[in-house]
Amino acid sequence: METNLTNYIEGAPVKVHVDNVVRKFTGRGGEMIALNGVTLDIHDNEFICVVGPSGCGKSTLLNIIAGLLEPTSGEVYCDGKRVEGTGTDRGVVFQQYALFPWLTVKKNVKFALEMKGIKGAEADELAMHYLEKVDLTKFADSYPKELSGGMKQRVAIARAYAADPQVLLMDEPFGALDAQTRTQLQTELLQTWERDRKTCFFITHDVDEAIILAQKVIVMSARPGRVKAIIDIDIPYPRDQETKMSPRFLELKNEIWSLVYQEYLEVRK
Ligand SMILES: Nc1ncnc2c1ncn2[C@@H]1O[C@H](COP(=O)(O)OP(=O)(O)O)[C@@H](O)[C@H]1O
Ligand SMILES: [Mg+2]
């Protein structure tokens, strides 16, 4: 049976509320506005992708939601509580793996568990459980430098899952990988999301990736970043790479790509 989650989400409670967030930076050229009044809701279990030209403030927005960066004005709420720093309810995956090079794969994953107070045999068992989810049990005792880029990113994803956050914030997690590896990790992430339905906020500059993954695509305007458009991806799950051939996919791709392209032209002006 096909489940059209886009319909379901409309009734879901708001998990993260971003309320009129402004972020300024002071640099050599004086003050610049990176985000200029961003308001959006992320619903429980929702998969949102954010696209927009480079420098439009995508990472800034994600870091503010993560609590790694403070807004200049405006607020972020998670479950109705104001975000005032990082929290175990929100987990982050960055483009560059951010693994500890001196720890084995398994110990990298265990680190997230230990942060939650899980230790000893239980941590060992759980670490292997999460490594199994990303098909890396054979590499449990390897070090990050012995792994390919795709494998390192899988470890980072396993570690984020081990922390068991309610909201996964992903900043171009597959951006540095070759097309084939990226496709494979997209498929794995989709399968995991369809099983666990964690709330996902996923940044990408790849429109195909956004459409294949998300229920909703947010297009951001060129600097200063704002929400330019929110597009419902009304393609039912389960989706796979074949979905990219469907007429509806191509229609949405056209629509979103031209919105992004307009903003790209703004940047070049
Ligand atoms: N820590 C910082 N200090 C100064 N400027 C920054 C800082 N972080 C980001 N910026 C600027 O803010 C803008 C948005 O950056 P960013 O959020 O990284 O964009 P994106 O992720 O969409 O490419 C860019 O012009 C960037 O140079
Ligand atoms: Mg970025």
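Just so you know, these numbers come straight off a predicted model, no measurement behind them. (Residues numbered from 1 in each chain as written. Chains lettered and ligands numbered in written order. Predicted model: local features only at pLDDT ≥ 70, side-chain atom pairs only at ≥ 80, totals over all residues.)

### Quick look at the nonpolar core
Just so we agree on the cut-off: Here, a nonpolar core denotes buried Ala, Val, Leu, Ile, Met, Phe, Trp, Tyr and Cys residues that are linked to one another through C-beta atoms within 7 Å. A residue is called partly exposed when the number of other C-beta atoms within 10 Å of its own lies between 12 and 20, exposed at 12 or fewer, and buried at 20 or more, with C-beta atoms placed from the backbone. Helix numbering and strand numbering both begin at the N terminus, where a helix is a DSSP run of H or I of at least 4 residues and a strand a DSSP run of E of at least 2. Per the annotation, domain bounds derive from an automatic or database assignment of domains. In this description, any two residues whose backbone-derived C-beta atoms lie within 7 Å of each other are considered to be in contact.
In this structure, Ile48, Ile65, Ala158, Ala214, Val217 and Ile256 are the most contacted members of the largest nonpolar core, which totals 68 residues. When residues in this core are grouped by element, the largest group, 7 residues, is from helix 5 (residues 149-162). Among the domains, domain 1 (5-89 + 167-268) and domain 2 (99-164) are the pair contributing at least three residues each to this core. Excluding its chain neighbours within four sequence positions, the residues that come into contact with isoleucine 256 are Val51, Val207, Ala210, Ile211, Val217, Val219 and Ile231.

### Quick word on the pairing of strand 9 (residues 216-220)
Definition in use: Pairing between two strands is assigned when DSSP locates at least 2 bridges connecting them.
The element strand 9 is largely enclosed, with a buried count of 5 among its 5 residues. Relative to strand 9, strand 3 (residues 47-51) runs parallel, the two sharing 4 bridges. Across the sheet, the residue bridging to valine 51 is valine 219, located in strand 9. Note: strand 9 against strand 10 (residues 227-232), 5 bridges, orientation antiparallel. By the bridge assignment for strand 10, valine 217 is matched with isoleucine 231.

### Description of the packing of helix 4 (residues 120-133) against helix 5
Working note: a packed helix pair is described by the angle between its axes plus the distance between those axes. Rules: Between the N-to-C directions of two axes lies an angle of 0 to 180 degrees, each axis being a line fitted to C-alpha atoms and, for a helix, fitted only over the stretch in contact. With respect to orientation, any angle under 35 degrees is reported as roughly parallel, any angle over 145 as roughly antiparallel, any angle of 65 to 115 as roughly perpendicular, and every other angle as oblique. By convention the crossing between two helices is left-handed if the near helix lies anticlockwise of the far one by an angle smaller than a right angle, and right-handed if it lies clockwise. Residues are grouped as follows: nonpolar covers Ala, Val, Leu, Ile, Met, Phe, Trp, Tyr, Cys and Pro; charged covers Asp, Glu, Lys and Arg; every other residue, Gly included, is treated as polar.
Two numbers describe how helix 4 lies on helix 5: the axes approach to 9 Å, and their chain directions differ by 130 degrees. Considering their axes alone, helix 4 and helix 5 lie oblique with respect to each other. Crossing geometry of helix 4 relative to helix 5 is assigned as right-handed. Of the residues in helix 5, those in contact with Leu126, Ala127, Tyr130, Leu131 and Lys133 of helix 4 are Ala158, Tyr161 and Ala162. In terms of residue class, the contact of helix 4 with helix 5 is built from 7 nonpolar, no polar and 1 charged.

### Some details on the environment of tryptophan 193
Among the secondary structure elements, tryptophan 193 is positioned in helix 6 (residues 179-196). Judged by local crowding, tryptophan 193 falls into the buried class, with 20 C-beta atoms found within 10 Å. On a C-alpha basis, the gap between tryptophan 193 and asparagine 45 in space is 8.7 Å, while along the polypeptide they are 148 residues apart. Contact partners of tryptophan 193, with chain neighbours within four places excluded, come to Phe47, Lys198 and Cys200.

### Some thoughts on the packing of helix 3 (residues 105-115) against helix 5
Across the interface, helix 3 lies against helix 5 with an axial gap of 8 Å and an inter-helix angle of 25 degrees. With respect to each other, helix 3 and helix 5 are oriented roughly parallel. Our pair here, helix 3 against helix 5, has a crossing hand that is right-handed. Mapping the contact onto sequence places Val105, Asn108, Val109, Phe111, Ala112 and Leu113 in helix 3 and Val155, Ala158, Arg159 and Ala162 in helix 5.

### With respect to the confidence of the model for the protein
Selection criterion: The quantity called pLDDT is the predictor's confidence in a given residue, expressed from 0 to 100.
When pLDDT is averaged across the protein, the result is 91; 96% of the residues are at 70 or more. Element-level mean pLDDT values for the protein span from 44 in helix 1 (residues 5-9) up to 98 in strand 3. Across residues 1-8 the pLDDT falls below 50, and counting only partners more than four positions away or on other chains, this stretch makes 10 contacts in the model.

### Section: unusual backbone geometry
Backbone torsion omega between arginine 223 and proline 224 reads -5 degrees, so that peptide bond is classified as cis. As for its placement among the helices and strands, proline 224 is situated in the loop between strand 9 and strand 10. Backbone torsion omega between tyrosine 237 and proline 238 reads -5 degrees, so that peptide bond is classified as cis. Counting through the fold element by element, proline 238 comes out in the loop between strand 10 and helix 8 (247-268). Even without being glycine, glutamate 172 reaches a positive phi, approximately 45 degrees. Locating glutamate 172 in the fold gives a position in the loop between strand 7 (167-171) and helix 6.

### Points about the site of ligand 1
Put simply, the rule is: Near, as applied to residues and a molecule or strand, means the residue's backbone-placed C-beta atom lies within 6 Å of it.
Within the structure, ligand 1 sits among Phe25, Gly27, Ala34, Gly52, Ser54, Gly55, Cys56, Gly57, Lys58, Ser59, Thr60 and Arg223. Mapped by element, the contributors of at least two residues to the shell around ligand 1 are strand 1 (14-27) and helix 2 (58-66). At 3 residues, helix 2 tops the list of elements feeding residues into the shell around ligand 1. For the shell around ligand 1, the residue count by class is 3 nonpolar, 7 polar and 2 charged.

### With respect to the domain arrangement of the protein
When cut into domains, the protein gives domain 1 (5-89 + 167-268) and domain 2 (99-164). A C-alpha centroid distance of 26 Å is found between domain 1 and domain 2. Per element, the largest residue contribution to the side of domain 1 that touches domain 2 is 4 residues, and it comes from helix 6. Class assignment of the residues belonging to the side of domain 1 that touches domain 2 gives a composition of 6 nonpolar, 3 polar and 1 charged.

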